[in-house]
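What follows is each chain in one-letter form.
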Amino acid sequence: MKTSEIRQKFLNYFVAHDHRQVSSSPVIGPANDATVLWTNSGMIQFKDVFVGLEERPYRRAASSQKCLRAGGKHNDLDQVGFTARHHTFFEMLGNFSFGDYFKKEAIHFAWDFLTGSPKEGKLGLQAKDLWITVFGGEDGVPADEEAMALWIQAGVAPERILKFGKKDNFWQMGDTGPCGPCSEIHFDRGASYPGDGHPNGEGDRVMEIWNLVFMQYNRDLQGHLTSLPKPSIDTGMGLERVASVLQKKDSNYDIDLFEPIFKAIWSMSTLQVDEHRDPTVKIASQVIADHIRAATFMIADGVIPSNEARGYVLRKIIRRALRFGKRLSMPSGFFAQLPNSVLQSMQDAYPELSTEIKNIEGVLIRESKQFEQTLLAGLKILESAKLVQKTLSGSDIFKLYDTYGFPLDLVEDWCRERQVRPDLKGFEEEMAEQRTKSKVGAKQGVTSSQDLSALMKVTPTIFTGYDHLYGNAQVLALLDSQGQSVTSLTGEGSLLVDTTPFYAQGGGQVGDTGTLKFEGGYGTITDTLSPADKRIVHKVHIEGVLKIGDDVHLQVHAERRVRIRAHHTATHLLHAALREVLGPHVKQAGSVVDEDRLRFDFTHYAPLDREQIELIESSMNEQSLKGLPSHIEELPIQEALQQGAMALFGEKYGERVRVLTLGDFSVELCGGTHVANTGEIGLIKITQESSVASGIRRIEAVAGIMALKYLQENDRVLSQLARSSNVSKDQLASVFANKDQKIQSLEQELKKTKLNAASNQETQDTLTPIKGGALVIRQVEGVDGQDLRQLMDRFRQQHPQGILLLASVLSSNQLALVISVSSEMPHHAGDLLKIMMPLLNGKGGGKKDLAQGSGTEPSKVTEALEALKYSLS
């Protein structure tokens, strides 16, 4: 049975049992939850539903979820390739109940689907090959006798059911919150496999294939458990694992999903066929096969290699694959040629991959080239590293590994060749410290002190702000400045009402501000937020006494909203223009839209040149001048995506979404406020283009009245410069070009003068006799970089033999040094430089005959020179 058939059978089975089939969310964790870097299980996209912060129009769901485990708590990266089961990327089949059915139905569904007839769309596994484990009780939490009885009722022989403790059969979302016992289903692959034949035992003979979590408790801050009023179900079955069972394969890597990938790998490897059986070769090929699946989906979902967060994990995965590629004698750039093999095996389930392949290949090509440069840079750093008793420090190894991505095994090779001891213990200590620091803390919400579950008890807010800027409402809840519920409010606090025209911050758009009036008082609304699903919180300052139940009149600041709308719609035009000019690989990576400007982050691999910026500006303004109508409609999300609407990766969307269409130029999902037609935007002007991170660019722009103000200010500055230069504005460019040429000419003359002066300071040279020759020192001022090396060439002509040192003071906190050693001397210039660097708080390096460095403490140059003389005495 093909893996694609298993996936579809699972979904069909649960749809037939009244479950809503829900599409996989991206491998990127939810944008509103900083505790989750990656989607590492099927329940992640339903997390807010389970904890009561989100409501959905269905209570049963089933999905095949793209998952990634390569960082944080679930870090399988170092195991991947070495075992038959570990992966960075995998798929999780799951069925879920949100307060609907519970243990009886979940157990029946699982057993029926696994053991039922394939002719009925089930898997047909034999009951004799399956084991069940249940929670046996621990720390005062009772054993799950109910589940045990239900498994027997479903048809499991009692002797095939075993009890285990919390470690194996109790699940919880976090230190607090929903938790409960779980039942695991294990498959016995037979006596030919090593192992004791029991679940959770030694060896690979018995492996877990499905976990059923019964969320029936809530754990409070004191660790006490109370029963949940609406128990829920969360299950997860590894698709690759169950496929290996049904296809009778020893390893997940042997299933059909990997066949096209391995075929592509071996077509590029220059190893002989008989070498493929080597265990190290097999491991290397499995690492590459797994990592290309992970990298393909990560990039498709908007991740770009960088040195931070998700981008750093992607970079590690790519570089790990490139390193293992050396074991297979793969050609340069091989990794970028593999995404098509992933598309071949996964396109039926994820057709969107086909539109991303060129971008994925481009990212991998650039990252591969950069890694080659990293290796060269890392070797230079190693050559200049300070060795203490022929030991390379753990901190230096960690810096190479963490900052530069230099592989540890290559560091060990370098040390072995030079008979240097690598401090691996110190390296591991640095790694452990980093892991401690990198544990992602819980995200502080916009109202972190509030109890969000309490907000969910308030009636959902009806938002009227798409059509109105004012309205009457009734006060449903009040919070003081500390976020605590109160019955009346004066001064700073927060307000929830039944209906509001105020837009809550979201989708990059800032929250509305405005005023409110009520009998006996008034207030100012300083911000609007939505910390809980469909509950809108107004930050307020109240004059008078406002009480729960009071009627209020709300008024949005109209002019501010108009400017925000213009900037938000302009952002959509900008996104479309970027894709038009730069290519379809461009994706939104974040935005901020307020009354003064717009800021748009997007995926792109290079800075924009002036011509590209002007083309983007022209495209946006062309659409603005056309007065394109803004067509907004609400659609089921799947229908919207099928119609070509673009979604922001990592953003959470409901079952129904608002779709903004601007003529035939842009179609995107967006819940923000927008102009009625693009003519209301007015002029759009890009003010800045910059880098945010590796692979992420940022454009800032202004629209409408703010664009006019920007141009007026620029014109004012140009007029002032023209008057001071006594020329017209259109002559300014040539005037400044001429001045630049004059400045450069004067700088060159000054450098030449300094160099000549320094060359003629021979009478000031300090000569110190040393064994085998002499040390000649010359101190100069203001000569740096290439000029200092040029000066050394002249210095050497004056002193053909011996050790020469040039020390140039550049400023009160900057010093440059060059050391030259003639061929007959036994000393190494780089080693001599290292003697001085610690005293000067500097760094540098070089070869035997020439070394160059710099320091930040020129005041200690005399001390450093004495140390050098002492070492040569």
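My aim in this report is to walk through the structure given alongside it, one point at a time. (Residues numbered from 1 in each chain as written. Predicted model: local features only at pLDDT ≥ 70, side-chain atom pairs only at ≥ 80, totals over all residues. Heavy atoms only, no water.)

1. Observations regarding the pattern of salt bridges
Item 1. Across all of its chains, the model carries 39 salt bridges by this definition.
Item 2. The salt bridge involving D112 is made with K122; its shortest N-O contact spans 3.0 Å. Highlighted residues: D112 in helix α3 (residues 103-115) and K122 in the loop between α3 and β6 (130-135), separated in sequence by 10 residues.
Item 3. The exposure class of K122 is buried, given its relative accessible area of 11%.
Item 4. Residue D168 is joined to K167 by a salt bridge in which the shortest nitrogen-to-oxygen separation is 3.9 Å. (Salt bridge = Lys/Arg side-chain N within 4 Å of Asp/Glu carboxyl O. Helix = DSSP H or I, 4+ residues; strand = E, 2+ residues; numbered from the N terminus. Buried < 20%, exposed > 50% of the residue type's maximum accessible area, 1.4 Å probe, protein only.)

2. Looking at the packing of helix α8 (residues 279-300) against helix α11 (residues 357-384)
Item 1. At a minimum axis distance of 9 Å, the contact between α8 and α11 shows a crossing angle of 115°. Put simply, α8 runs roughly perpendicular to α11. Considering only the axes of α8 and α11, their crossing is right-handed. Residues I292, A295, T296, I299 and A300 of α8 lie in contact with α11, whose contacting residues are N359, I360, V363 and L364.
Item 2. Classifying every residue of the contact of α8 with α11 gives 7 nonpolar, 2 polar and no charged. (Axes fitted to C-alpha atoms, helices over the stretch in contact; angles between N-to-C directions. Parallel < 35°, antiparallel > 145°, perpendicular 65-115°, else oblique. Left-handed = near helix turned anticlockwise from the far one by under 90°. Contact = heavy atoms within 4.5 Å. Nonpolar A, V, L, I, M, F, W, Y, C, P; charged D, E, K, R; others polar.)

3. Some points on the packing of aromatic side chains
Item 1. One pass over the full model with this rule turns up 27 aromatic pairs.
Item 2. Where Y13 meets F14, the ring centres are 5.0 Å apart and the plane angle is 80°; that geometry is what we call edge-to-face. Considered together, Y13 and F14 belong to a single accessibility category, that of buried residues.
Item 3. Seen in terms of ring centroids, F50 and F98 are 5.2 Å apart; in terms of plane orientation they differ by 65°. Their pairing is edge-to-face. (Phe/Tyr/Trp six-rings, centres within 6.5 Å; stacked < 30°, edge-to-face > 60°.)

4. What about the state of the cysteines?
Item 1. What the rule picks out here adds up to 0 disulfides.
Item 2. With no disulfide partner, C182 has as its closest neighbouring cysteine sulfur the one in C179, 11 Å distant.
Item 3. On the basis of relative accessibility, which here comes to 2%, the residue C182 falls in the buried class. (Disulfide = S-S within 2.5 Å.)

5. Section: the sheet that holds strand β26 (residues 656-662)
Item 1. Taken together, the 3 strands give an open sheet; going across it, the order is β25-β26-β27, and neighbouring strands pair in antiparallel fashion. Strands at the two margins of the open sheet, each flanked by one partner only, are β25 (630-636) and β27 (666-669). Adjacent strand axes in the sheet meet at a mean angle of 25° when their direction is disregarded.
Item 2. Relative to β27, β26 is paired through 4 bridges, and the arrangement is antiparallel. In the strand pairing of β27, L662 is matched with S666. (Pairing = 2+ DSSP bridges.)

6. Digging into the pairing of strand β21 (residues 535-547)
Item 1. Note: strand β17 (residues 488-497) against β21, 7 bridges, orientation antiparallel. Directly across from G493, in β21, lies its bridge partner V540.
Item 2. Bridge analysis of strand β20 (residues 521-532) against β21 gives 8 bridges, and the strand direction is antiparallel. For Y522, the partnering residue across the bridge sits in β21 and is E543.
Item 3. Here β20 folds back onto β21, and the loop between the two strands holds 2 residues, one of which, K534, carries a positive phi near 60°.

7. Some remarks on the packing of α8 against helix α10 (residues 339-346)
Item 1. The geometry of α8 relative to α10 is characterised by a closest axis approach of 9 Å and an angle of 85° between their N-to-C directions. In terms of their interaxial angle, α8 and α10 are classed as roughly perpendicular. On α10, the residues that touch I292, R293, T296 and F297 of α8 are P339, V342 and M346.
Item 2. Here the residues of the contact of α8 with α10 are counted per class, giving 5 nonpolar, 1 polar and 1 charged.

8. Quick notes on the environment of D784
Item 1. With respect to the element layout, D784 can be found in the loop between β31 (773-781) and α21 (785-798).
Item 2. D784 sits 73 residues away from L711 along the chain, and the two C-alpha atoms are 41 Å apart.

9. So, the sheet that holds strand β24 (residues 598-603)
Item 1. The strand order across the open sheet formed by 4 strands is β23-β24-β29-β28, and the pairing between neighbours is antiparallel. This sheet does not close on itself; its edge strands, each paired only once, are β23 (588-593) and β28 (684-693). Neighbour-to-neighbour, the strand axes of this sheet turn through a mean angle of 15°, independent of strand direction.
Item 2. Strand direction decides the pairing type here: β24 and strand β29 (residues 696-703), joined by 6 bridges, are antiparallel. Bridge assignment links R599 to a residue of β29, and that residue is E700.

10. What to know about the environment of A576
Item 1. Relative to the helices and strands, A576 resides in helix α16 (residues 558-582).
Item 2. We classify A576 as buried; its relative accessible area is 13%.
Item 3. Taking the C-alpha atoms as reference, A576 lies 9.2 Å from I616; in sequence the two are 40 residues apart.
Item 4. Sequence-distant contacts of A576, that is, excluding residues within four places in its chain, are made with F665 and S666.

11. Considering the environment of N340
Item 1. Turning to its location among the elements, N340 is positioned in helix α10.
Item 2. The class for N340 is partly exposed, based on a relative accessible area of 40%.
Item 3. Apart from residues lying up to four places away in sequence, N340 is in contact with I357 and E361.

Worth remembering: the numbers are spatial, not functional.
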